[in-house]
Amino acid sequence: MALRFNDKYVKDFLSDNDVKNIIPAMEKAHEKIVNKSGEGNDFLGWVDLPDNYDKEEFARIKRAAQKIQNDSKALVVIGIGGSYLGARAAIEFCKSQNYNLLKKDSPNIYFSGNSISGQTLNEIVALVKDTDFSINVISKSGTTTEPAIAFRIFRELLIEKYGETEAAKRIYVTTDKTKGTLKELSDEKGYETFVVPDDIGGRYSVLTAVGLLPIAVAGIDIDKMMQGASDACKEYSVCDIEKNNCYKYAVLRNALYRKGKKIELMVAYEPDYTMMNEWFKQLYGESEGKDGKGIFPASVVCSTDLHSMGQYIQDGERHIFETSVVFTNPKSDITIKEEDTNSDGLNFLAGKTMSFVNRKAYEGTTLAHVDGNIPNMLIELDVMNEYSFGYLVYFFEKACAISGYILGVNPFDQPGVESYKKNMFALLGKPGYENQRDKLLARIGQ
């Protein structure tokens, strides 16, 4: 088993009945996924994806990644939300937070189109304009504001640098299979296209072309990643809480929610997990936060955040539970040496590795937080690599779907996301929103 789940620091907070009372809802959630009978059932393509993906497109992804590696020093990935979080999380998980600073054979990868900051956009333009670069724009509609603006800027930069014909060979578009602004433009200009599947929502899409192209460009073995997801798919197919840790995690988090634990704090002890925390927050925040319900997903990276958030976690309001993700074997390690003068008082650590100290930090922190009335769940894997990433992604996706159905919401829609867009479009003067504009301007005092 690639993933080990430990719930011993939850048992004192829940009775047997607290857990047993949720089992029927878990079983119904399982049936909804297997039979495709629940709300949002047209977005269940991720369930069998690790074994039933498009092998021809997968091969094209690898060929395109090889071409980008050969002709580009940088790749600009343009997308927002699920269109970039998974890929960035994978690159940092498998490689490093400092990927772009490392000596390597693969291109630097910059993520754009995920904000409306002119300064951030200008910085990436400055980083790539004098080097050979390519673009991967990811958007199902092609009209989402943030990536659409970035694509316009970088596409113009490519054309100015290489001319329209050569620029077209450096633009890779991941979008709808048959329709939409980006698909039409790609067909007209001859851009190579990959598919955003109709039956997989953005936050569940990292193991599709949405995430796999930039991941492959970073030199990460996507075959191993899919194998990890495939093994998890098989492991978490049985509807038995004693045999399925994915389902147990979903049940326990809902049992804690019913006991007043409204916030789940995802805790990492490796900085390279930081963007995985961000991916987790989108997955669970968009999937569960609706109809006045939902566990609020938050995150910290320890021991760093123990020096900022540690006081609140230890002694603040008791509405938190924690899920810690730890790894047995580090990517690399350092052994602490003995110092003759022991001026810093650290000779008691001489001969010990940083990973050993980090493990004791995790163990000590967990015990302190449990004593502070915070339930803790532990997810442990051996290493941070491609296989573990694919396995962990599937674990969280399946648990999210089960958990959402247990909660009584549709885990696959996100109706609230559109609210800010309508207001923004009206305030910007987008055609079709004129009637709302005056009312909104009055509300903000203009």
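Residues numbered from 1 in each chain as written. Predicted model: local features only at pLDDT ≥ 70, side-chain atom pairs only at ≥ 80, totals over all residues. Heavy atoms only, no water.

J.: With reference to specific residues and values, describe the sheet that holds strand 3 (residues 108–112).
T.: Here 5 strands make up an open sheet; going across it, the order is 3-2-4-5-6 and the pairing parallel. Every interior strand has two partners, whereas the edge strands, strand 3 and strand 6 (192–195), have only one. Across the sheet, the axes of successive neighbouring strands diverge by a mean angle of 20 degrees, strand direction being ignored. Here strand 4 (residues 133–138) runs beside strand 5 (residues 171–175); their pairing, made up of 4 bridges, is parallel. Following the sheet pairing, V137 is matched in strand 5 by V173. Packed on one face of the sheet, helix 6 (residues 118–128) meets strand 2 (74–78), strand 3 and strand 4 and runs near 155 degrees to strand 3. (Pairing = 2+ DSSP bridges. Helix = DSSP H or I, 4+ residues; strand = E, 2+ residues; numbered from the N terminus. Axes fitted to C-alpha atoms, helices over the stretch in contact; angles between N-to-C directions. Contact = heavy atoms within 4.5 Å.)

J.: Lay out the pairing of strand 9 (residues 320–327) with the relevant residues and their values.
T.: Counting buried positions over the 8 residues of strand 9 gives 8, a clear majority of the element. Burial along strand 9 is two-sided: the residues I320, E322, S324 and V326 and F321, T323, V325 and F327 are all buried. Strand direction decides the pairing type here: strand 7 (residues 263–268) and strand 9, joined by 6 bridges, are parallel. Following the sheet pairing, M266 is matched in strand 9 by T323. The pairing of strand 9 with strand 10 (residues 376–381) spans 6 bridges and is parallel. The residue of strand 10 that forms the bridge with F327 is L381. Taken together, strand 9, helix 15 (residues 354–371) and strand 10 form a β-α-β motif whose crossover is right-handed. (Buried < 20%, exposed > 50% of the residue type's maximum accessible area, 1.4 Å probe, protein only. Right-handed = clockwise from strand over helix to strand, strands pointing away.)

J.: Lay out the side chain of D176 in plain terms, naming residues and giving numbers.
T.: Residue placement: D176 occurs in the loop between strand 5 and helix 9 (181–189). A relative accessible area of 3% means that D176 is categorised as buried. A polar side-chain atom of D176 sits 2.8 Å from a polar atom in the side chain of K140. Looking at D176, its side chain comes within polar contact range of the main-chain nitrogen of K179, at 3.0 Å. (Polar contact = N/O pair within 3.5 Å; in protein donor to acceptor, adjacent residues only side chain to side chain.)

J.: Requested: an account of the sheet that holds strand 9, with residues and values cited.
T.: Within the open sheet, the 5 strands sit side by side as 1-10-9-7-8. Their pairing is mixed. Among the strands making up the open sheet, the edge pair consists of strand 1 (3–6) and strand 8 (296–301). The average angle at which neighbouring strand axes cross in this sheet is 20 degrees, direction not considered. In the packing of helix 15 onto the sheet, contacts are made with strand 9 and strand 10, and the angle to strand 10 comes to roughly 160 degrees.

J.: Tell me what's going on with helix 15, and back it up with residues and numbers.
T.: Taking 1.5 Å per residue, 18 residues should reach 26 Å; helix 15 reaches 26 Å between its end C-alpha atoms and fits that length. The inward-facing, buried residues of helix 15 abut helix 14 (310–315), strand 9 and strand 10. Of the residues trailing helix 15, N373 is marked for its positive phi of about 75 degrees. (Expected span 1.5 Å × (residues − 1).)

J.: So what's going on with the environment of D240? Residues and values would help.
T.: Structurally, D240 is set in the loop between helix 11 (222–235) and helix 12 (245–258). Note on D240: relative accessible area 26%, which makes it partly exposed. With 213 residues separating them in the primary sequence, D240 and E27 have C-alpha atoms 8.4 Å apart.

J.: Describe a negative patch on the surface, naming the residues involved and giving the relevant values.
T.: Taken together, the side chains of E338, E339, D340 and D344 make up a negatively charged region of the molecular surface. Among the secondary structure elements, E338 is positioned in the loop between strand 9 and helix 15. (Patch = residues over 30% accessible without salt bridge, like charges linked within 9 Å, V, L, I, M, F, W, Y side chains within 5 Å. Areas by Shrake-Rupley, 256 points an atom, 1.4 Å probe, with all protein chains shown as cover. Salt bridge = Lys/Arg side-chain N within 4 Å of Asp/Glu carboxyl O. Lys, Arg positive; Asp, Glu negative; His and termini not counted. Charge placed at Lys NZ, Arg CZ, Asp CG, Glu CD.)

J.: Can you break down the packing of aromatic side chains residue by residue, with the values?
T.: For the structure shown, the criterion picks out 24 aromatic pairs. Both rings, one in Y53 and one in F58, keep their centres 4.8 Å apart while their planes meet at 45 degrees; by these two values the pair is tilted. Using a relative accessible area of 5% as the deciding quantity, one classes F58 as buried. Summarising the aromatic geometry, the rings of Y273 and F327 are spaced 6.1 Å apart at their centres and angled 50 degrees between planes, so their arrangement reads as tilted. In this pair, Y273 sits in the loop between strand 7 and helix 13 (274–288) while F327 sits in strand 9, placing the two residues 54 residues apart along the sequence. Taken together, the ring pairs connect F5, Y236, Y249, W279, F280, Y284, Y387, Y391, F395 and F396 into an aromatic cluster. Over the aromatic face of Y53 sits the side chain of K55, whose NZ or CZ is 4.2 Å from the ring centroid. Residue placement shows R170 over the ring face of Y162; its charged tip is 4.3 Å from the ring centre. (Phe/Tyr/Trp six-rings, centres within 6.5 Å; stacked < 30°, edge-to-face > 60°. Lys NZ or Arg CZ within 6 Å of the ring centre and 35° of its normal.)

J.: Residues and numbers for the nonpolar core, please.
T.: The biggest cluster of nonpolar side chains holds 103 residues, and the ones touching the most others in it are Y249, Y273, W279, F389, L392 and F396. With 14 residues, helix 16 (residues 386–407) is the largest single contributor of residues to this core. Core analysis: the next-biggest nonpolar cluster, separate from the first, contains 23 residues, I78, F151, I171 and V173 among them. (Core = buried A, V, L, I, M, F, W, Y, C linked by side-chain atoms within 4.5 Å.)

J.: Which residues make up a nonpolar patch on the surface, and what are the values?
T.: On the surface, a cluster of nonpolar side chains totalling about 250 Å² of accessible area is made up of I116, I149 and I153. Exposure remark for I149: the relative accessible area of 39% places this residue in the partly exposed category.

J.: Now, about the pairing of strand 2: what can you tell me, with residues and values included?
T.: Put simply, side chains in a regular strand alternate between the two faces of the sheet. Burial analysis of strand 2 places 5 of its 5 residues in the buried class, the great majority of the element. Taking every second residue as pointing to the same face, both faces of strand 2 are buried, with A74, V76 and I78 on one and L75 and V77 on the other. Examined bridge by bridge, strand 2 and strand 3 share 5 bridges and lie parallel to one another. Note that in strand 3 the partner of I78 across the bridge is S112. For the handedness criterion, the β-α-β arrangement of strand 2, helix 5 (residues 85–94) and strand 3 is classed as right-handed.

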